[in-house]
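Each chain is listed here by its residues.
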Number of protein chains: 4
Amino acid sequence: MKIAVLVGSLRKDSWTRKVARALEPFMPGFTFDHVEIGHLPLYNQDLETDQPPTEWTRFRDEMRAAQAYLFATPEYNRTIPGALKNAIDVGSRPPGKSSFAGTKPGAVVSVSPGMFGGFGANHHLRQTLVFLDVAVLQQPEMYVNNAAKLFDEHGALADDSAKKLFEKFGAAFAAWAKRFG
Amino acid sequence: MKIAVLVGSLRKDSWTRKVARALEPFMPGFTFDHVEIGHLPLYNQDLETDQPPTEWTRFRDEMRAAQAYLFATPEYNRTIPGALKNAIDVGSRPPGKSSFAGTKPGAVVSVSPGMFGGFGANHHLRQTLVFLDVAVLQQPEMYVNNAAKLFDEHGALADDSAKKLFEKFGAAFAAWAKRFG
Amino acid sequence: MKIAVLVGSLRKDSWTRKVARALEPFMPGFTFDHVEIGHLPLYNQDLETDQPPTEWTRFRDEMRAAQAYLFATPEYNRTIPGALKNAIDVGSRPPGKSSFAGTKPGAVVSVSPGMFGGFGANHHLRQTLVFLDVAVLQQPEMYVNNAAKLFDEHGALADDSAKKLFEKFGAAFAAWAKRFG
Amino acid sequence: MKIAVLVGSLRKDSWTRKVARALEPFMPGFTFDHVEIGHLPLYNQDLETDQPPTEWTRFRDEMRAAQAYLFATPEYNRTIPGALKNAIDVGSRPPGKSSFAGTKPGAVVSVSPGMFGGFGANHHLRQTLVFLDVAVLQQPEMYVNNAAKLFDEHGALADDSAKKLFEKFGAAFAAWAKRFG
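Residues numbered from 1 in each chain as written. Chains lettered and ligands numbered in written order. Predicted model: local features only at pLDDT ≥ 70, side-chain atom pairs only at ≥ 80, totals over all residues. Heavy atoms only, no water.

### Brief notes about the relation of the copies chain C and chain B
Two chain copies, one operation linking them: a rotation about an axis together with a shift along it. Definition in use: The atoms used to superpose the copies are C-alpha atoms, taken from residues with pLDDT of at least 70 in both, and the fit is least squares. Two residues form a contact once any of their heavy atoms are found within 4.5 Å.
With an RMSD of 0.0 Å, the fit of chain C onto chain B corresponds to turning through 180° and sliding 0.0 Å along the axis. The transformation just described matches what one would write down for a two-fold rotation axis. The rotation axis passes nearest to the C-alpha of Phe116(C) in chain C, at a distance of 2.4 Å. A symmetric contact is evident, with 100% of the interface residues of chain C recurring at the interface of chain B.

Pasting the structure below:
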């Protein structure tokens with residue numbers, strides 16, 4: 001099953017990206033398509049012509065090709081980053097032709113270097129995914145906090161409680177995705 | 001008092017922009033700075049060097065120079081557009097140097113051509129403004145719905161109940177802004 | 001399939017209750033258990049002894065016996081009524097023994113006599129249902145507005161667009177519930 | 001200045017209540033009215049007669065007499081407890097006669113024994129307070145986490161970073177309240 005991974009932080013060495021990568025071994029049976037979102041022109045309906053920006057078209061094709069979605073996001077100003085929201089806006093248009101259509105399974109993982117684990121971003125994103133008709137896993141919720149302390153000096157996941165959470169998440173998501181298979 | 005106006009839709013003829021313009025006569029005593037947000041590169045911390053993108057620097061200067069903020073936003077996918085969120089992300093950085101700092105007064109106006117008046121965008125934006133320390137007017141809430149029906153064929157505001165709401169809003173915001181003067 | 005119906009308004013003639021009843025013919029194959037919530041003592045952990053209030057125990061048993069949940073709610077002060085939230089608090093306790101446990105299917109229907117259809121209540125309730133692990137139908141979203149105008153003088157559903165929405169909802173929920181059967 | 005304190009947990013020894021009490025020394029110049037909410041009958045419009053429940057009337061009078069509001073709340077199921085929401089529902093009715101009316105200053109403090117500090121309760125409550133026209137302090141946000149570890153064996157606040165946060169909060173709220181004096 002091909003899962004599109006959207007990472008909300010554009011920073012090359014972002015903790016969110018590391019967490020998204022670290023989840024992969026806990027999700028056997030999936031292939032991961034790490035989708036680029038940093039180059040997408042800001043959504044503007046005036047560009048929605050017969051020839052929309054090629055970056056939009058390619059992104060939309062990737063969303064359409066995916067069988068599931070993993071959203072990994074930091075929290076910027078108590079909600080999701082503009083870059084991630086822009087990608088969703090692009091993918092959901094034009095009206096009536098959303099490339100997310102079809103009740104596909106998805107998951108939200110919010111990540112923070114601090115204590116609160118991106119709670120605000122996590123739930124705002126879930127509100128958006130209601131509209132997109134992405135069927136989002138409910139439990140376990142994934143608020144990954146203190147992200148900088150989860151990895152050892154080689155970048156390997158080293159925190160035991162994170163490992164347990166990731167394992168639980170991987171199993172739950174596999175069972176969830178099967179319901180929509 | 002100089003108020004920066006941020007419009008969440010980039011479309012040239014957007015209803016949100018028209019509503020923002022139509023509010024001006026109801027807000028005497030303010031000068032309006034319609035700030036461009038469509039050209040801002042997506043926020044990426046890797047670009048936050050000694051020489052960040054010039055569009056970022058100019059936008060941050062405009063935010064800093066404003067004495068109040070008016071956010072006029074459509075709802076995309078049950079929350080604010082990526083373009084508006086990106087502008088806020090840019091303005092709020094780098095950490096500890098937010099150009100919104102200083103407990104300035106602000107208001108949120110959500111606009112939709114449909115029935116629900118952008119409720120989801122309105123309140124998600126309010127959650128973000130808590131973090132930015134923008135003091136947001138509470139009442140009257142501004143959910144401007146059926147936006148396409150508010151204007152006559154010359155583009156003038158023609159709807160009586162909208163006029164009354166705008167008038168109430170203008171008076172309330174003037175009184176609110178005075179508390180922070 | 002036995003579905004527990006929780007109505008957020010305690011008023012005998014509430015529009016929300018009428019809408020919940022009006023949905024039933026559009027949901028063939030379900031039996032409806034209209035659960036009382038108005039008599040539940042406010043949740044207080046000090047009452048969580050070996051002998052909790054009998055109303056709590058009965059309600060918890062009803063939640064446990066249900067195979068699906070339908071939450072029909074008005075919006076009070078931009079979120080769900082205290083009475084509905086209290087029922088959920090009672091049902092979810094004691095910790096580790098939630099009577100909602102088990103990834104059962106559910107749906108949220110928000111109802112208002114005004115224009116906005118209870119958007120705020122709808123999404124706040126969805127946030128709570130993430131924690132309860134109730135798998136909530138995403139589409140169609142059910143914001144039932146202008147509720148007073150949907151019924152004829154005999155109390156029968158008479159509004160055509162409401163009928164279409166209810167029909168779409170009934171079919172979508174049946175398909176959704178089957179995924180969890 | 002008389003501030004009404006509403007505590008969302010009914011448990012006698014609740015952490016939230018302790019935190020609310022511990023804030024008082026950091027808020028000189030205020031007198032604190034700890035309002036009872038656990039005895040309020042669930043809001044039901046059918047009881048809104050010429051003779052509503054006396055507990056409602058007394059509570060409404062207390063809300064009306066207050067010059068400011070402090071809401072201290074735990075998080076139950078990712079939002080505020082039913083008991084607190086019910087109190088707000090009672091106080092805000094009947095329509096057009098809200099006992100919260102008048103743009104009074106307020107603050108939200110969310111408390112948890114765990115890591116996330118009641119983020120979900122904090123922001124849901126803020127959404128409600130928009131409708132009530134309570135002017136809520138934006139910064140510092142008060143997410144009081146690990147609440148059980150803040151106090152010494154005599155019940156005195158003993159955590160240094162909590163003390164600093166409470167001090168910052170007390171000063172900010174005093175300045176905020178003055179704007180509405």
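Still more ground to cover, so stick around.
### Examining the packing of helix α3 (residues 82-92) of chain C against helix α3 (residues 82-92) of chain D
Note the cut-off: An axis is simply a line fitted to the C-alpha atoms; with a helix, the fit covers only the stretch in contact. Between two such axes, the angle follows the N-to-C directions and lies from 0 to 180 degrees. Numbered from the N terminus, helices here are DSSP runs of H or I no shorter than four residues, and strands are runs of E no shorter than two. These descriptions rest on fixed angle ranges, namely under 35 degrees for roughly parallel, over 145 for roughly antiparallel, 65 to 115 for roughly perpendicular, and the rest for oblique. Under the convention adopted here, Pro, Cys and the residues Ala, Val, Leu, Ile, Met, Phe, Trp and Tyr are nonpolar, Asp, Glu, Lys and Arg are charged, and Gly plus all remaining residues are polar.
In the contact formed by α3(C) and α3(D), the axes pass within 8 Å of each other and the chain directions differ by 170°. Of the possible angle classes, the one that applies to α3(C) and α3(D) is roughly antiparallel. On α3(D), the residues touching Gly82(C), Lys85(C), Asn86(C) and Asp89(C) of α3(C) are Gly82(D), Lys85(D), Asn86(D) and Asp89(D). Its residues placed into classes, the contact of α3(C) with α3(D) shows no nonpolar, four polar and four charged.

### Topic: the interface of chain C and chain B
The cut-off we apply is this: Buried area, as used here, totals the accessible surface that two parts lose on assembly, with accessibility defined by a 1.4 Å probe and the loss added over both. What makes a salt bridge here is a side-chain nitrogen of Lys or Arg within 4 Å of a carboxyl oxygen of Asp or Glu, nothing more. Distance and chemistry together define a polar contact, namely a pair of N or O atoms within 3.5 Å, with one atom able to donate a hydrogen and the other to accept it when in protein, and with adjacent residues in sequence counting only for side-chain atoms on both sides.
Chain C puts eleven residues into the contact, and the matching count from chain B is eleven residues. Between chain C and chain B, a total of about 920 Å² is buried, with carbon and sulfur atoms accounting for 68% of that surface. Run the count over chain C and chain B and you get two salt bridges. Note that Glu141(B) is salt-bridged to Arg78(C), the shortest N-O span being 2.7 Å. The tally of links from chain C across to chain B stands at three residue pairs in polar contact (both at pLDDT 80 or more). In terms of residue count, the dominant contributor to the side of chain C that touches chain B is helix α4 (residues 119-132) of chain C (three residues). The residue makeup of the side of chain C that touches chain B, split by class, is four nonpolar, four polar and three charged.

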